[in-house]
Structure formats: structure tokens, C-alpha cells
Amino acid sequence: MIIRQETEQDFPLIDDFIKTSFETAQHYDGTEQDYVIKLRGGNTYIPELALVMTDEKNGDKLIGHIMLTKVSIKGVTTMPKNTFDILLLAAVAIDVDHRNKGLGSTLIREALARSKQEGYAAVILAGDPRYYERFGFVSAGKFNIKNKQNIPDENVLVYEIVSGILDGIEGTVDFSA
């Protein structure tokens, strides 16, 4: 397996891959690939943190994708401009034939390590706490971080790359791209 930065040539393949991957996922609404396309096209896109996993034994077949982009917590009265910038972990997709083999975990850990290397302090996501808590994600409600989409607190999770960085940070995140 190889984990590398996505390239523009990968985009059509990634978009189809995400659509197909999520069709068999436990949580699926059919717009996951559209969300990734919107994030990629916006000014919050960080190419270095948009990663693909390929199987070099099988003609570099795409078997995984993850993307982190910038997002702001707004209404943070303790910060200049009342905002605090963190990362948003968007869709994690793994090929159906490669699930339950630890590849999603490998991708997430690699993305978090690269986020730390790039100097980012925290990550937020909307997802299943039973899955993401193993990586150190906790409820954003612990920090009084809300979201504009009214996603339940238990499904909005944060990870402090820099320990204690979210202490005193309260506000609202908008997950829309």
C-alpha cells in the first residue's frame, strides 16, 4: 500500500470511488462525493492533506481516500476576529473489498500525523463516536463547540493535535462547503 497526496488527474477517479464506497457504507446520503468536490473547489482546500491509498500490487488501484480542509469556529470571543481555525476531516472512504482490515485507521493516523507536521492544532468532524474515539476524538460539546447544521453533539467530534489548544474555545462551526 502507498499513501500519497491526491493529484488533479485523480479527481474523477476519486469522485467515483467515494460515491461507490459510500453506497455500501453504514451512513450514506448519496452526496458525499459532491461534498468532497465542493471542498476541493473552495479556498479551504489543502492539497497536502487530501490523500489517497493505492494498492501497488494491483496496478495502483485506489483503495482509500481521506481529506482534511480548513474550517473556522466562529463566535470565539477569546480570539482576535472571533474565529479559531482548525481542520475538518471530510469523508473517509475505503474500498468495500478492503474494509475491516485497518486501512481506514491507517489513513486517519497518517492524515493526523501530516496535519501535525503542517502545524495544525485541532481537527473536527461529524461521524460515529464509536469509530473515531479510538483515535482520541472527543465530543465537541465538551468544549461547547456547536454546529450550524444542528448535528447532534455526540456526532460532532474534535481531536486536539496540540494538547489543550481548545481550552476556552467556544463557538459554532459551519460544515457546509
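This one's a predicted model, so the numbers in the text were calculated from it and none came from an experiment.

1. Notes on the pairing of strand S6 (residues 122–126)
Of all 5 residues in S6, 4 are buried; the element is thus mostly enclosed. The sheet contact formed by strand S4 (residues 83–89) and S6 spans 2 bridges and is parallel. In the strand pairing of S6, Leu87 is matched with Val123. By the bridge criterion, 5 bridges tie S6 to strand S9 (residues 156–160) in an arrangement that is antiparallel.

2. As for the packing of helix H1 (residues 11–23) against helix H2 (residues 32–41)
Running from N to C, H1 and H2 point in directions that differ by 145°, and their axes come no closer than 8 Å. Across the interface between the two elements, Phe11, Ile14, Asp15, Ile18, Lys19 and Phe22 of H1 pack against Glu32, Gln33, Val36, Ile37 and Arg40 of H2. Residues belonging to the contact of H1 with H2 are distributed by class as follows: 6 nonpolar, 1 polar and 4 charged.

3. Topic: the packing of aromatic side chains
Within the structure shown, the criterion is met by 5 aromatic pairs. Residues Tyr131 and Tyr132 carry aromatic rings whose centres are separated by 4.9 Å and whose planes lie at 90° to one another, so their mutual orientation is edge-to-face. Note on Tyr131: relative accessible area 25%, which makes it partly exposed. On the numbers, 5.3 Å between centres and 40° between planes, the contact of Phe137 with Tyr159 is tilted. Of this pair, Phe137 sits in the loop between helix H4 (129–132) and strand S7 (138–139) while Tyr159 sits in strand S9, and the two are 22 residues apart along the sequence. Clustering of aromatic rings is evident, with ring pairs tying together Tyr131, Tyr132, Phe135, Phe137 and Tyr159. The aromatic ring of Phe11 is capped on one face by Arg40, whose charged end is 4.0 Å from the ring centroid.

4. Focus on the pattern of salt bridges
Tallied over the full model, the rule gives 8 salt bridges. A salt bridge links Arg4 to Asp10, with the shortest nitrogen-to-oxygen separation between them at 2.7 Å. Where Arg114 meets Glu110, a salt bridge forms, and the shortest distance between an N and an O atom there is 2.7 Å. With a gap of 4 residues between them, Arg114 and Glu110 both fall in helix H3 (residues 103–117), about one helical turn apart. Classification of Glu110 by relative accessible area gives partly exposed; the value is 27%. Residues joined in a network through salt bridges with shared partners are Glu6, Asp15 and Arg40.

Cut-offs applied
Residues numbered from 1 in each chain as written. Predicted model: local features only at pLDDT ≥ 70, side-chain atom pairs only at ≥ 80, totals over all residues. Heavy atoms only, no water. Buried < 20%, exposed > 50% of the residue type's maximum accessible area, 1.4 Å probe, protein only. Helix = DSSP H or I, 4+ residues; strand = E, 2+ residues; numbered from the N terminus. Pairing = 2+ DSSP bridges. Axes fitted to C-alpha atoms, helices over the stretch in contact; angles between N-to-C directions. Contact = heavy atoms within 4.5 Å. Nonpolar A, V, L, I, M, F, W, Y, C, P; charged D, E, K, R; others polar. Phe/Tyr/Trp six-rings, centres within 6.5 Å; stacked < 30°, edge-to-face > 60°. Lys NZ or Arg CZ within 6 Å of the ring centre and 35° of its normal. Salt bridge = Lys/Arg side-chain N within 4 Å of Asp/Glu carboxyl O.

So yeah, pure geometry; function would need other evidence.
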